[in-house]
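# Inside the fold
Take a look at the letters that make up each chain.
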Amino acid sequence: MNTILRKSILGVAGLAFTGGVFAGPVAAHAADTTHAVKPVSVSVQGDKLIPHGVQGAQSRIDLNDEQIKNVKAIIAATKKAGMDERAAVVSIATALQESKLENLGHLGDRNDHDSQGLFQQRPSSGWGTVEQITDPEYSTTAFLKGLKQVDGWQDMPLTKAAQTVQVSAYPDHYAQWEQQAADLVAEHWNK
């Protein structure tokens, strides 16, 4: 049996097992817009989009038109930066964690300091002006610039790569969005 077919079969079996293990707990504790992951049949996904396999329970939200527009902006900025699909997966998963792919302005008392935009970047930390970091292309490019500076980011788990750029108080939370981010990249990369 060739390697790609074997990996595909093992990947589908792993997703089925993982879905069975996590579907009950995820569904039982999920908010209305979060639901268990449904496997996507993209043959390159295991090797290219999720090279290490997803880590931990996965979350998923339904996206509106504005959020899909932001996904497409992240993908376009990733391509413009000359980076590959894996970089787009890391970027989208990060934005899912930071803002649920909503281009957030200042949230007053609910805000984490002065964090804004898709990636919750802070003007006071040197990410750019408010106008810049609330521009999806600029904020994605700034995130990718940081990602490029992480030695070996392509070979590390998504959550570690994202955390190295973002320096979040919740470093492991990025991992939960890897499957949905990969599904979004698989759906929109070639459109």
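Quick caveat, the model's predicted, so the values are computed rather than measured.

Looking now at the overall build of the protein chain. Per the secondary structure count, the protein chain includes eight helices and zero strands. Its helices and strands taken in sequence order, the protein chain reads α-α-α-α-α-α-α-α from the N to the C terminus. By the burial criterion, 40% of the 191 residues in the protein chain qualify as buried. Restricting the contact set of the protein chain to residue pairs at least 6 apart, pairs at least 24 apart contribute 63%. Summed over all atoms, the accessible surface of the protein chain reaches about 10100 Å², with 54% contributed by carbon and sulfur.

Membership of the largest hydrophobic core comes to 35 residues, with the highest contact counts inside it found for I92, L101, L147 and W153. When residues of this core are traced back to their parent elements, those giving at least two are α3 (65-80), α4 (85-99), α6 (136-148), α7 (158-166) and α8 (178-188). Element by element, the count of residues in this core is highest for α4, at eight residues. Those residues within four positions of L101 in sequence are excluded, and the remaining contacts are L63, Q67, N70, V71, I74, I92, A95, L96, L118 and L184.

So, about α8. Most of α8 is tucked away: nine of the eleven residues are buried. Turning to α8, its buried residues are E178, Q179, Q180, A181, A182, D183, L184, V185 and H188.

Our next topic: the packing of α6 against α7. Running from N to C, α6 and α7 cross one another at 110°; their axes reach a closest spacing of 9 Å. As judged from the angle between their axes, α6 and α7 are roughly perpendicular. Two secondary-structure elements touch here, α6 through F143, G146 and L147 and α7 through A161, A162, V165 and Q166. Tallied by class, the residues present in the contact of α6 with α7 amount to five nonpolar, two polar and no charged.

Let's shift gears to the environment of E85. Secondary-structure assignment places E85 in helix α4. Exposure remark for E85: the relative accessible area of 14% places this residue in the buried category. Apart from residues lying up to four places away in sequence, E85 is in contact with K48, L49, V185 and W189.

This part covers unusual backbone geometry. The backbone phi angle of L101 is positive, close to 65°, even though this residue is not glycine. Relative to the helices and strands, L101 resides in the loop between α4 and α5 (130-133). Although it is not a glycine, Q120 adopts a positive phi angle of roughly 50°. With respect to the helices, strands and loops of the structure, Q120 is situated in the loop between α4 and α5. Residue classification places Q120 among the buried positions, given a relative accessible area of 13%.

Conventions adopted
Residues numbered from 1 in each chain as written. Predicted model: local features only at pLDDT ≥ 70, side-chain atom pairs only at ≥ 80, totals over all residues. Heavy atoms only, no water. Helix = DSSP H or I, 4+ residues; strand = E, 2+ residues; numbered from the N terminus. Buried < 20%, exposed > 50% of the residue type's maximum accessible area, 1.4 Å probe, protein only. Contact = heavy atoms within 4.5 Å. Areas by Shrake-Rupley, 256 points an atom, 1.4 Å probe, with all protein chains shown as cover. Core = buried A, V, L, I, M, F, W, Y, C linked by side-chain atoms within 4.5 Å. Axes fitted to C-alpha atoms, helices over the stretch in contact; angles between N-to-C directions. Parallel < 35°, antiparallel > 145°, perpendicular 65-115°, else oblique. Nonpolar A, V, L, I, M, F, W, Y, C, P; charged D, E, K, R; others polar.

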